[in-house]
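The residues making up each chain are set out below.
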Amino acid sequence: MSGTRRSYNEEYKRQTVKYIQEQTKTVAELALELDVPAKTLHKWLGQYRQFENEPIVTPDKYRELERQLKEREHELAELTEEMAILKKAVHIFSNPKN
């Protein structure tokens, strides 16, 4: 098993939770970075999490994400149509003429 058991003061726990909330990394990645077990970090998040520290999606950001989604849906529709055309072409050219 692991060696010594470490204890952390309240301020360290609060600052760590704040740091976690500001990151885009996973808790597992941060656990390795901070050398604190992921299970401990999850426990601290449950105790000290403050949602005002988490980034809020603004209306502008929401509209931008909506625009990107519509753009990707349009690209997907075009690619789906192109793929259907290519499948038909492969079928036509792969059949030998009698």
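Scope of this entry: the structure provided in the associated data block.

About the cut-offs
- Residues numbered from 1 in each chain as written.
- Predicted model: local features only at pLDDT ≥ 70, side-chain atom pairs only at ≥ 80, totals over all residues.
- Heavy atoms only, no water.
- Axes fitted to C-alpha atoms, helices over the stretch in contact; angles between N-to-C directions.
- Helix = DSSP H or I, 4+ residues; strand = E, 2+ residues; numbered from the N terminus.
- Parallel < 35°, antiparallel > 145°, perpendicular 65-115°, else oblique.
- Left-handed = near helix turned anticlockwise from the far one by under 90°.
- Contact = heavy atoms within 4.5 Å.
- Nonpolar A, V, L, I, M, F, W, Y, C, P; charged D, E, K, R; others polar.
- Phe/Tyr/Trp six-rings, centres within 6.5 Å; stacked < 30°, edge-to-face > 60°.
- Buried < 20%, exposed > 50% of the residue type's maximum accessible area, 1.4 Å probe, protein only.
- Core = buried A, V, L, I, M, F, W, Y, C linked by side-chain atoms within 4.5 Å.
- Salt bridge = Lys/Arg side-chain N within 4 Å of Asp/Glu carboxyl O.

Right, let's talk about the packing of helix 1 (residues 10-22) against helix 2 (residues 27-34) for a bit. One way to put it is that helix 1 packs onto helix 2 with a least axis distance of 11 Å and a crossing angle of 135°. As far as their axial angle goes, helix 2 and helix 1 are oblique. The chirality of how helix 1 crosses helix 2 is right-handed. Only Leu30, Glu33 and Leu34 of helix 2 make contact with helix 1, whose side of the interface consists of Tyr12, Thr16, Tyr19 and Ile20. Residues of the contact of helix 1 with helix 2, tallied by class, amount to five nonpolar, one polar and one charged.

Let's shift gears to the packing of aromatic side chains. Evaluated as defined, the whole model comprises three aromatic pairs. When the centroid spacing of 5.2 Å and the interplanar angle of 15° are considered together, the rings of Tyr8 and Tyr12 count as stacked. The class of Tyr8 is partly exposed, set by a relative accessible area of 21%. For Tyr12, a relative accessible area of 33% corresponds to the partly exposed category. Pairing Tyr12 with Trp44 gives two aromatic rings, centres 6.0 Å apart and planes at 85°, and the pair type is edge-to-face. Of this pair, Tyr12 sits in helix 1 while Trp44 sits in helix 3 (residues 38-48), placing them 32 residues apart in sequence. Grouped by ring-pair contacts, the aromatic residues Tyr8, Tyr12 and Trp44 constitute a single cluster.

Turning our eyes to something else, we now look at the nonpolar core. Residues Val17, Ile20, Val27, Leu30, Ala31, Val36, Leu41, Trp44, Leu45 and Tyr48 constitute the largest nonpolar core, which totals 10 residues. Of all the elements in the fold, those that place two or more residues in this core are helix 1, helix 2 and helix 3. A total of four residues in this core trace back to one element, the largest contributor, which is helix 3.

We now examine the pattern of salt bridges. The final tally for this structure, using the stated rule, is six salt bridges. Where Glu33 meets Lys25, a salt bridge forms, and the shortest distance between an N and an O atom there is 2.5 Å. A residue is classified by how much of its surface remains accessible, and Lys25, at 39% relative accessible area, is partly exposed. Taken together, the salt bridges that share partners define one network made up of Glu64, Arg67, Glu71 and Arg72.

Here the focus is the packing of helix 1 against helix 3. Close contact between helix 1 and helix 3 brings their axes to 9 Å; oriented N to C, the two are set at 95°. Taken as axis vectors, helix 1 and helix 3 run roughly perpendicular relative to one another. For the pair helix 1 and helix 3, the contacting residues are Glu10, Tyr12, Lys13, Arg14, Thr16, Val17, Ile20 and Gln21 in the first and Leu41, Trp44, Leu45 and Tyr48 in the second. A class-by-class count of the residues in the contact of helix 1 with helix 3 yields seven nonpolar, two polar and three charged.

Its place among the elements puts Lys13 in helix 1. Aside from chain neighbours lying at most four places away, what touches Lys13 is Tyr8, Trp44 and Tyr48.

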